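Structural description and commentary
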Amino acid sequence: MNLTIGKLAKMCQVNVETIRYYQRIGLMRVPETSQSYRYYQQQDIETLHFIQKAKDAGLQLNEIKELLTLDLDNRRQVQHVIEQRLAKIDERIQELQALKQRLSTWLVECKSTVDDSCPILLALKQQD
């Protein structure tokens, strides 16, 4: 199977520039030129599908790049990458919960105040 970059992009439902970007950052190989064209193979389709599934699972490109270098039997290293990602997600959840609490508190204060001044704007203008 020989695919041009355009056909590969269409088949995998990604932009050509996305493929070029993945090549620049080392996620995908750059095929050799043959008759002024670079032809992509089945392995390139598989790589793109891997990247898309990993992105859908919430992994970042640097994590995906690391996973692409691992063998299927390198379970410990894969677990390590996923554990690190879960820790980052938990940290982000805590940050979002704190943000939600702050905004909710401001909203309650805004709804319940009898002052003419907006407590949200006052809180934003305060220097800690």
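Residues numbered from 1 in each chain as written. Predicted model: local features only at pLDDT ≥ 70, side-chain atom pairs only at ≥ 80, totals over all residues. Heavy atoms only, no water.

Secondary structure summary: the protein contains six helices and two strands in total. For the protein, the succession of helices and strands along the chain, N to C, is α-α-β-β-α-α-α-α. Against the 2.2 N^0.38 benchmark of 14 Å for 128 residues, the protein shows a C-alpha radius of gyration of 24 Å, more extended than a compact globule. Projecting the C-alpha coordinates of the protein onto the three principal axes gives extents of approximately 75 × 35 × 25 Å. Within the protein, the proportion of its 128 residues that are buried is 21%. Contacts in the protein between residues at least 24 apart in sequence constitute 44% of all its contacts with a sequence separation of at least 6. (Helix = DSSP H or I, 4+ residues; strand = E, 2+ residues; numbered from the N terminus. Rg over C-alpha atoms; globule rule 2.2 N^0.38 Å. Buried < 20%, exposed > 50% of the residue type's maximum accessible area, 1.4 Å probe, protein only. Contact = heavy atoms within 4.5 Å.)

To continue, consider the layout of surface pockets. Approximately 190 Å³ is the volume attributed to the largest pocket. What lines the largest pocket is simply Phe50, Leu67, Leu68, Leu70, Asp71, Leu72 and Val78. Looking at the lining of the largest pocket residue by residue, the classes come out as six nonpolar, no polar and one charged. (1 Å grid on protein atoms, 1.4 Å probe; cavity = no way out; pocket = protein on both sides within 12 Å on 5 of 7 lines; lining within 4 Å. Points joined across faces, edges and corners; volume = space filled by probe spheres on them. Nonpolar A, V, L, I, M, F, W, Y, C, P; charged D, E, K, R; others polar.)

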